[in-house]
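Observations on the three-dimensional arrangement
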Amino acid sequence: MEGSNETCVYKNKDAPVEARVKDLLSRMTLPEKIGQMTQIERVVTTPSVITDNFIGSVLNGGGSWPFEDAKTSDWADMIDGYQNAALASRLGIPIIYGIDAVHGNNNVYGATIFPHNIGLGATRDADLIRRIGAATALEVRACGAHWAFAPCVAALRDPRWGRSYESYSEDPDIICELSSLVSGLQGEPPKEHPNGYPFLAGRNNVVACAKHFVGDGGTDKGINEGNTIVSYEELEKIHLAPYLNCLAQGVSTVMASYSSWNGNKLHSDYFLLTELLKQKLGFKGFVISDWEALERLSEPFGSNYRNCVKISVNAGVDMVMVPFKYEQFIKDLTDLVESGEVTMSRIDDAVERILRVKFVAGLFEHPLTDRSLLGTVGCKEHRELARESVRKSLVLLKNGTNSEKPFLPLDRNVKRILVTGTHADDLGYQCGGWTKAWFGLSGRITIGTTLLDAIKEAVGDKTEVIYEKTPSEETLASLQRFSYAIVAVGETPYAETLGDNSELTIPLNGNDIVTALAEKIPTLVVLFSGRPLVLEPLVLEKAEALVAAWLPGTEGQGMTDVIFGDYDFEGKLPVSWFKRVDQLPLTADANSYDPLFPLGFGLNYNSSENV
């Protein structure tokens, strides 16, 4: 390692950040600079790969773990091993480790899983979202990671999009308000903090990442990674607005979108990444690419990779989420610099931005995991916060067949309750995608409470709870034995393109299960979904009550807190609920607006009218 702390400005923790950046940059060779711009997946990472290539960042994709059900301490051991390899390089520049902590530290077994953003959008509670960010930061830091790829500040303009649940709302004003997750993750900057300059409060915080810049939720027909066809004025008003709020909070990184704007792919758009984001808006952090995004810049996928590197780096991408073929990336970028196709000043600008974030984040002073944080993972306080989030996210769409006779809250002391449906006792379904695996899983995938668990806990001592995933013929023939039924149906987990859906019907015969029961006994339908789905007229008519529970995460008691009346409903629809898919796209600012339930709709116990 080079120099002593006395002679190296960059090692002096009391020196100004910009002086440290300038000093370190002046000492770096081209291979060291290009290494800093390289982010690789943990499965191709060894200590020697990091040390020999001066790697700047490591990440894990969804479902990429040290081993299945690895504890937080196992993650910390792995990440600290990578970090020690980075510290052993000539200049001792630490890596920054990134993780998709999009609803809690959701890759890690036993972590608190909060509702997905679509549910949080229903809360309209900026302080709640800030507190979720602060809790998530602690659980991320406990596993050794420094950087959460959150928040997603997409405006959801079409629910056919497979990433709908990652968005807070269709309405940019709501998204702007709930971008407070940035201040939760990073800490709140002082009033005098310069706009656009990265910020991190301390060791209990993580670097945040506003994504996906820009227009990812506005693609034609909701096709993931598709084309957003709008004027610049509309792009600015609908899709860009939340980024201004993130920049004002000192967001340290911004992730470019796979999508295109009017046919131009964002990862190669110099106007949006450099002229707009960096120059006009004054963003001083760094731009990270999305996973294998460079390969998507040519047809067929991955062809002419050298040119893809050239156009993305020249457009303003500072760090590339390679994630596997780092040798090819390093070779091609080195060659591009040596041939003059990528200038040294562009490389220096990218590396300066990366180093700035690393210094701001305190990685040079505290590169390794603070093991005292291990006790925060899945702790009671965080689970109580997640439970509060679930309570506030639930949207009551119907309560009773007429306003004079509400069905909810349910009586917890009746003789016998039937609980049924595919989602009543499936923690994986309850959490949705980006939980343990990229696309989500089924079953008891982590520590948590299903809706069925919560019902059993909430009812009276003398109340019998009968659970059948699918009601049997025998049960259907003797429904008069039950006071009422609770039916939990909805979407199975998905992520990204796997979630694109042009039909949006309730899967797994959900409508049939509901109508089979609701025609015979009073029925509460709890719908688990990452977006509005088609609600058949018969379901709407026959069900006594209907609750949109979104993808609530691990704390199922938040649902029973409300349906049994300990708390009232507070949630309001974060998106317009369409009647038929042929109405899509349907947003509240449309000329002919005829939704089933409008943006902001939500009933409560005090009123059968919209709250």
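Residues numbered from 1 in each chain as written. Predicted model: local features only at pLDDT ≥ 70, side-chain atom pairs only at ≥ 80, totals over all residues. Heavy atoms only, no water.

Describing the pattern of salt bridges
The condition is simple: Salt bridges, as used here, are contacts in which a Lys or Arg side-chain nitrogen is within 4 Å of a carboxyl oxygen on Asp or Glu. Counting from the N terminus, the helices are DSSP H or I runs at least four residues long and the strands are E runs at least two residues long. Only protein chains enter the calculation, and the probe is 1.4 Å; a residue is then buried if its accessible area is under 20% of its type maximum, exposed if over 50%, and partly exposed in between.
The tally for this structure, following the rule as stated, stands at 44 salt bridges. A salt bridge links Lys 392 to Asp 125, with the nearest nitrogen and oxygen atoms 3.1 Å apart. On the criterion of sequence distance, the pair formed by Lys 392 in helix α14 (residues 380–393) and Asp 125 in the loop between α5 (117–123) and α6 (126–142) is long-range, its members being 267 residues apart. Put simply, Arg 130 and Asp 127 hold a salt bridge, and the shortest N to O gap is 2.7 Å. Within this pair, Arg 130 and its partner Asp 127 are both found in helix α6, separated by three residues, close to a single helical turn. Take Asp 127: its relative accessible area is 37%, and that puts it in the partly exposed class. One network of salt bridges, with partners in common, ties together Asp 125, Asp 127, Arg 130, Arg 131, Glu 388 and Lys 392.

Some details on the sheet that holds strand β7 (residues 253–256)
Put simply, the rule is: One bridge is not enough; two strands pair if DSSP finds at least two bridges between them. The convention used is that axes are lines fitted to C-alpha atoms, helices contributing only their stretch in contact, and that angles between N-to-C directions extend from 0 to 180 degrees. Only heavy atoms enter the contact rule, under which two residues are in contact if any of them lie within 4.5 Å.
Taken in spatial order, the three strands of this open sheet run β5-β7-β10, and their pairing is parallel. Of all the strands in the sheet, just β5 (209–213) and β10 (286–288) have a single pairing partner and so form its edges. Here the strands of the sheet are splayed against their neighbours by 30° on average, with no regard to which way each runs. Two strands pair when backbone bridges link them, and β5 and β7 are joined in this way by four bridges, in the parallel orientation. Bridging across to β7, Ala 210 finds its partner in Val 254. The strands touched by helix α9 (residues 232–248) are β5 and β7; relative to β5, the strand with the most contacts, the crossing angle is about 160°.

Some details on the domain arrangement of the protein
Inclusion rule: The domain limits used here are those given by an automatic or database domain assignment. Classes in brief: Ala, Val, Leu, Ile, Met, Phe, Trp, Tyr, Cys and Pro nonpolar; Asp, Glu, Lys and Arg charged; the others, Gly included, polar.
Annotation of the protein at the domain level lists domain 1 (9–373) and domain 2 (394–597). When each unit is reduced to the centre of its C-alpha atoms, the spacing between domain 1 and domain 2 is 35 Å. On the side of domain 2, 43 residues touch domain 1, which itself brings 43 residues to the contact. On the surface where domain 1 and domain 2 come into contact, there are four salt bridges. A salt bridge links Lys 436 to Glu 68, with the nearest nitrogen and oxygen atoms 3.2 Å apart. Ranked by residues supplied to the side of domain 1 that touches domain 2, first place goes to α5 with four residues. Looking at the side of domain 1 that touches domain 2 residue by residue, the classes come out as 17 nonpolar, 15 polar and 11 charged.

Quick look at empty space enclosed by the protein
We apply this condition: Only protein atoms enter the calculation, which uses a 1 Å grid: trapped sets of points that fit a 1.4 Å probe without letting it out are cavities, open sets showing protein on both sides within 12 Å along at least five of seven lines are pockets, and any residue with an atom within 4 Å of a point is a lining residue. Grid points are joined across faces, edges and corners, and a volume is the space filled by probe spheres set on the points.
Tallied over the full model, the rule gives nine cavities of 30 Å³ or more. What the largest cavity holds in volume is close to 80 Å³. Every residue along the wall of the largest cavity is listed here: Met 28, Glu 32, Gln 36, Ile 50, Phe 54, Ile 55, Ala 86, Ser 89, Arg 90, Leu 91 and Ile 93. Considered class by class, the residues forming the lining of the largest cavity number seven nonpolar, two polar and two charged.

So, unusual backbone geometry
Of note, the amide linkage connecting Ala 150 to Pro 151 takes the cis form, showing an omega dihedral of 10°. Within the secondary structure, Pro 151 sits in the loop between β4 (147–148) and α7 (172–178). Cis geometry marks the peptide bond from Lys 211 to His 212; its omega dihedral reads -5°. The residue His 212 is located in strand β5 in this model. Even without being glycine, Lys 221 reaches a positive phi, approximately 60°. Checked against the element boundaries, Lys 221 lands in the loop between β5 and β6 (227–228). Non-glycine residue Asn 509 carries a positive phi angle of around 55°. Among the secondary structure elements, Asn 509 is positioned in the loop between β15 (484–490) and α18 (510–518).

As for the packing of aromatic side chains
As a reminder of what qualifies: By convention, a stacked pair of Phe, Tyr or Trp rings (six-membered ring in the case of Trp) has centres within 6.5 Å and planes under 30 degrees apart, an edge-to-face pair has planes over 60 apart, and any other such pair is tilted. The criterion is that NZ of a Lys, or CZ of an Arg, lies within 6 Å of the ring centre and within 35 degrees of the ring normal, and then a charge sits over that ring.
Following the criterion strictly, the structure yields 15 aromatic pairs and no others. Where Phe 213 meets Tyr 243, the ring centres are 5.0 Å apart and the plane angle is 85°; that geometry is what we call edge-to-face. With Phe 213 in strand β5 and Tyr 243 in helix α9, this residue pair connects regions lying 30 residues apart in the sequence. Residue Phe 213 is classed as buried on the basis of its relative accessible area, which comes to 0%. Ring geometry for Trp 291 and Phe 324: centres 5.4 Å apart, planes at 90°, overall edge-to-face. One end of the pair, Trp 291, is in the loop between β10 and α11 (305–315); the other, Phe 324, is in the loop between β11 (320–321) and α12 (326–338), with 33 residues separating them in the sequence. On the accessibility criterion, Trp 291 (23% relative accessible area) is partly exposed. Owing to a relative accessible area of 35%, Phe 324 belongs among the partly exposed residues under this scheme. In this structure an aromatic cluster arises from ring pairing among Tyr 10, Phe 359 and Phe 364. When the ring centre of Tyr 258 is taken as origin, the NZ or CZ atom of Arg 296, which lies over that ring, is 4.1 Å away. The ring of Tyr 567 carries the charged tip of Arg 391 above its face, separated from the ring centre by 3.9 Å.

Some points on the packing of helix α1 (residues 17–27) against helix α13 (residues 344–360)
Selection criterion: Orientation is classified from the angle alone, with under 35 degrees giving roughly parallel, over 145 giving roughly antiparallel, 65 to 115 giving roughly perpendicular, and any other angle giving oblique. Should the near helix be turned counterclockwise from the far one by less than a right angle, the crossing is left-handed, whereas a clockwise turn marks it as right-handed.
Where α1 contacts α13, the two axes come as close as 9 Å, and the packing angle between them is 130°. Relative to α13, the element α1 is oriented oblique. Read as a crossing pair, α1 and α13 show a hand that is right-handed. For the pair formed by α1 and α13, the contact residues are Val 17, Glu 18, Arg 20, Val 21, Leu 24 and Leu 25 on the first element and Asp 348, Val 351, Glu 352, Leu 355, Arg 356, Phe 359 and Val 360 on the second.

Observations concerning the layout of surface pockets
If you add up the space inside the largest pocket, you get close to 340 Å³. Lining the largest pocket are 22 residues; nearest its centre among them are Tyr 258, Trp 291, Trp 434, Trp 438 and Glu 496. Its residues placed into classes, the lining of the largest pocket shows nine nonpolar, five polar and eight charged. Considered as a void within the structure, the second largest pocket measures approximately 260 Å³ in volume. Lining the second largest pocket are 16 residues; nearest its centre among them are Arg 157, Gly 218, Thr 219, Glu 234 and Pro 585. Taken together, the residues of the lining of the second largest pocket break down into five nonpolar, five polar and six charged. Structurally, the lining of the second largest pocket is a two-domain feature, drawing no fewer than three residues from each of domain 1 (9–373) and domain 2 (394–597).

Quick notes on α1
Within the span of α1, buried status applies to Arg 20, Val 21, Asp 23, Leu 24 and Leu 25. Looking at the buried positions of α1, the neighbouring elements they touch are α2 (30–36) and α13.

Considering the UniProt feature "domain: Glycoside hydrolase family 3 N-terminal" (unreviewed entry) in the protein
Quick note on the threshold: UniProt positions are given in the numbering used here, feature names are shortened, and annotations may be inferred rather than shown by experiment.
As annotated in UniProt, the feature "domain: Glycoside hydrolase family 3 N-terminal" (unreviewed entry) corresponds to residues 29–357 in the numbering used here. Between the end C-alpha atoms of residues 29–357 the distance is 20 Å, and the span holds 40% helix and 10% strand.

Let's talk about helix α10 (residues 270–280)
Worth spelling out the cut-off: What qualifies as a polar contact is a pair of N or O atoms within 3.5 Å, subject to a donor-acceptor requirement within protein and to the restriction that residues adjacent in sequence count only when both atoms come from side chains.
Taken together, the buried positions of α10 are Leu 272, Leu 273, Thr 274, Leu 276, Leu 277 and Lys 278. One side-chain oxygen at the N-terminal end of α10 lies 3.1 Å from the backbone nitrogen of Phe 271; it belongs to Asp 269. Of the residues trailing α10, Gly 282 is marked for its positive phi of about 75°.

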